[in-house]
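Survey of secondary and tertiary structure
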Amino acid sequence: MPSVAIIGSQWGDEGKGKITDYLDENADLIVRFQGGNNAGHTIVVDDKVFKLHGLPSGVVRPGKLAVIGNGVVLNLEELKDEIDQVIAAGGSIDGLRVSDRCHLIMGYHKKLDGAEEKYRGKNSVGTTKKGIGPTYQDKIARIGFRAGDLLEDDLLKEKIAFILPYKKDLMAMMEAEKCSCTVESLYDKMVGWRDMIGKCICDTSVLINDALDEGKNVMFEGAQGAMLDIDHGTYPYVTSSATCGGGICTGSGVAPNRIDKVVGVVKAYTTRVGEGPFVSELKDEMGVELQKKGGEFGVTTGRGRRCGWLDLVVVEHASRMCGFTSLCMTKLDVLNDIPELPVCVAYEIDGQEVKKFPASIAKLERAKPVYETFKGWKGWKDTDALVKGGYDNLPGEMRDYIAFIEKYLKVPADLISVGPDRDETIDRKGDWWN
């Protein structure tokens, strides 16, 4: 029952899309297990660039099953645009499967998301205003719509008649943008969703477990990053789902003993979108340079990402929460030609050195980074030749940088990414599906 999970080790934007695309060549199923269209990933296949938010990365590969698990919240209005993008590029959604337990993002969720952020004022958490939080709220409050509801006409009508008036009252109380839909118009819209996606809806837990029983290769694809986990991230500046390793099980309907390998994707420096503490953040010219060289602008929001040096206190926390068995280092090329590379190895908080990531936001805001500095490396002209030469062909200073990270985290760096294309990757393991 070979399975591999891909999880971001920081605050998202680590390059998971590329790594998922690289490893899923030999996968039979690619499973998205949490999050929504507040997370974006860019996939480059030959000369085609796909910017996806709701669809799993594997949907661009023919012959694969791309599964949206029960832990995901799904915006079917925006998913249509992504489906059109894939079809326009010559692909199809024949391999798409959607969990009948997957919750649906409604128009009123987006309106409430914006109203809640406005209500918070200076305490805003920096959401993408995509309706993710309010959808998960409804899931926990047991008043959400699930994909399977689209297949049961009487139930659908009953739920719309109950939920829509309730939401309109709530929007009025929150002074949210008004919702013009009626019970009848919402029903018609959801019937349209059924026509679009109904054939893809099934019990994906059974599908995944049957595939594992048959010895098929299953990849679990995380969205965002471990530090945005609702329990273990920088609460309240987090997302609304379980982004750590445990989210794989609850979000896809598999048991913990069915997860064989967990790859932690580590960007060679650190970025973050939105509000929240960021101990190693650079607020100087170097931060601007990293943002520019790394193209650090959100796929979903277009917002510039905050940039800083690699923070191993953060990555160690993620590794412990997720159970990384391998690391994938990404965007090492962005650090080319920088003379010195500080790496945060601890925090100084109130005069004490701390090596474990604290839960307290107040402590994190007082924390100062403790750095160990490494000599930088020169860039290269021929990436193809660099990759063909393998790991030993990398600049010695880069290998020293990687080796220190491996030693600190006690996890091997089995994948090394030195460029945005899938072929610009050095694979030190090779036997991912054995």
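Scroll up to find the structure this text is about.
Residues numbered from 1 in each chain as written. Predicted model: local features only at pLDDT ≥ 70, side-chain atom pairs only at ≥ 80, totals over all residues. Heavy atoms only, no water.

This part is about the overall build of the protein chain. Secondary structure summary: the protein chain contains 13 helices and 19 strands in total. Reported as C-alpha extents along the three principal axes, the dimensions of the protein chain are approximately 65 × 50 × 40 Å. Out of the 434 residues in the protein chain, the part that is buried amounts to 57%. When contacts within the protein chain are restricted to residue pairs at least 6 apart in sequence, long-range pairs at least 24 apart make up 76% of them. Carbon and sulfur atoms make up 49% of the accessible area of the protein chain, which amounts to about 18500 Å² in all. On the protein chain, the mean spot of the 56 positive side-chain charges and the mean spot of the 66 negative ones are 3 Å from each other. (Helix = DSSP H or I, 4+ residues; strand = E, 2+ residues; numbered from the N terminus. Buried < 20%, exposed > 50% of the residue type's maximum accessible area, 1.4 Å probe, protein only. Contact = heavy atoms within 4.5 Å. Areas by Shrake-Rupley, 256 points an atom, 1.4 Å probe, with all protein chains shown as cover. Lys, Arg positive; Asp, Glu negative; His and termini not counted. Charge placed at Lys NZ, Arg CZ, Asp CG, Glu CD.)

What follows deals with the pattern of salt bridges. Applying the stated criterion to the full structure yields 23 salt bridges. Lysine 167 serves as the salt-bridge partner of aspartate 138, at 2.7 Å between the closest nitrogen and oxygen. Of the two residues, aspartate 138 is situated in helix H4 (residues 132-141) and lysine 167 in helix H5 (residues 153-173); the sequence distance between them amounts to 29 residues. Considered together, aspartate 138 and lysine 167 belong to a single accessibility category, that of buried residues. Ionic pairing is found between glutamate 316 and arginine 320, a salt bridge with its closest N-O pair at 3.2 Å. Residue glutamate 316 and its partner arginine 320 are located together in helix H10 (residues 312-322), separated by four residues, close to a single helical turn. In this structure, a network of salt bridges that share partners links the residues Asp13, Lys267, Glu296, Arg305 and Lys331. (Salt bridge = Lys/Arg side-chain N within 4 Å of Asp/Glu carboxyl O.)

A few words now on the packing of helix H3 (residues 107-120) against H4. For the pair H3 and H4, the least separation of the axes is 7 Å and the interaxial angle reads 110 degrees. One element, H3, and the other, H4, form an angle in the roughly perpendicular class. H4 is crossed by H3, and the crossing has right-handed handedness. Between H3 and H4, the residues in contact are Tyr108, His109, Leu112, Asp113 and Glu116 and Ile132, Pro134, Thr135, Gln137 and Asp138, respectively. (Axes fitted to C-alpha atoms, helices over the stretch in contact; angles between N-to-C directions. Parallel < 35°, antiparallel > 145°, perpendicular 65-115°, else oblique. Left-handed = near helix turned anticlockwise from the far one by under 90°.)

Of note, arginine 97 is situated in strand S7 (residues 96-99). Placed 216 residues apart in sequence, arginine 97 and valine 313 show a C-alpha to C-alpha distance of 37 Å. For arginine 97, the contacting residues outside a window of four places in its chain are Leu65, Ala66, Val67, Ile68, Cys200, Cys202, Thr204 and Leu207. Polar side-chain contacts of arginine 97 include one of 2.9 Å to the backbone oxygen of aspartate 94. (Polar contact = N/O pair within 3.5 Å; in protein donor to acceptor, adjacent residues only side chain to side chain.)

Further remarks concern the packing of aromatic side chains. Tallying each qualifying case throughout the model produces six aromatic pairs. Seen in terms of ring centroids, tyrosine 347 and phenylalanine 357 are 6.2 Å apart; in terms of plane orientation they differ by 65 degrees. Their pairing is edge-to-face. Residue tyrosine 347 is located in strand S15 (residues 340-349), and its partner phenylalanine 357 is located in the loop between strand S16 (352-354) and helix H11 (361-366); the two are separated by 10 residues in the primary sequence. Accessibility expressed as a relative area gives 0% for tyrosine 347, which makes it buried. (Phe/Tyr/Trp six-rings, centres within 6.5 Å; stacked < 30°, edge-to-face > 60°.)

On to unusual backbone geometry. Here the residue pair tyrosine 235 and proline 236 is connected by a cis peptide bond, since its omega of 10 degrees sits within 30 degrees of zero. Position of proline 236 relative to the elements: it lies in the loop between strand S10 (218-221) and helix H8 (246-252). Although it is not a glycine, aspartate 13 adopts a positive phi angle of roughly 65 degrees. With respect to the helices, strands and loops of the structure, aspartate 13 is situated in the loop between strand S1 (3-8) and helix H1 (16-23). On the basis of relative accessibility, which here comes to 24%, the residue aspartate 13 falls in the partly exposed class. In this structure, glutamate 175 takes a positive phi of about 55 degrees despite not being glycine. With respect to the helices and strands, glutamate 175 occurs in the loop between H5 and helix H6 (183-197).

Spatial relationships are all this shows, so hold off on functional conclusions.
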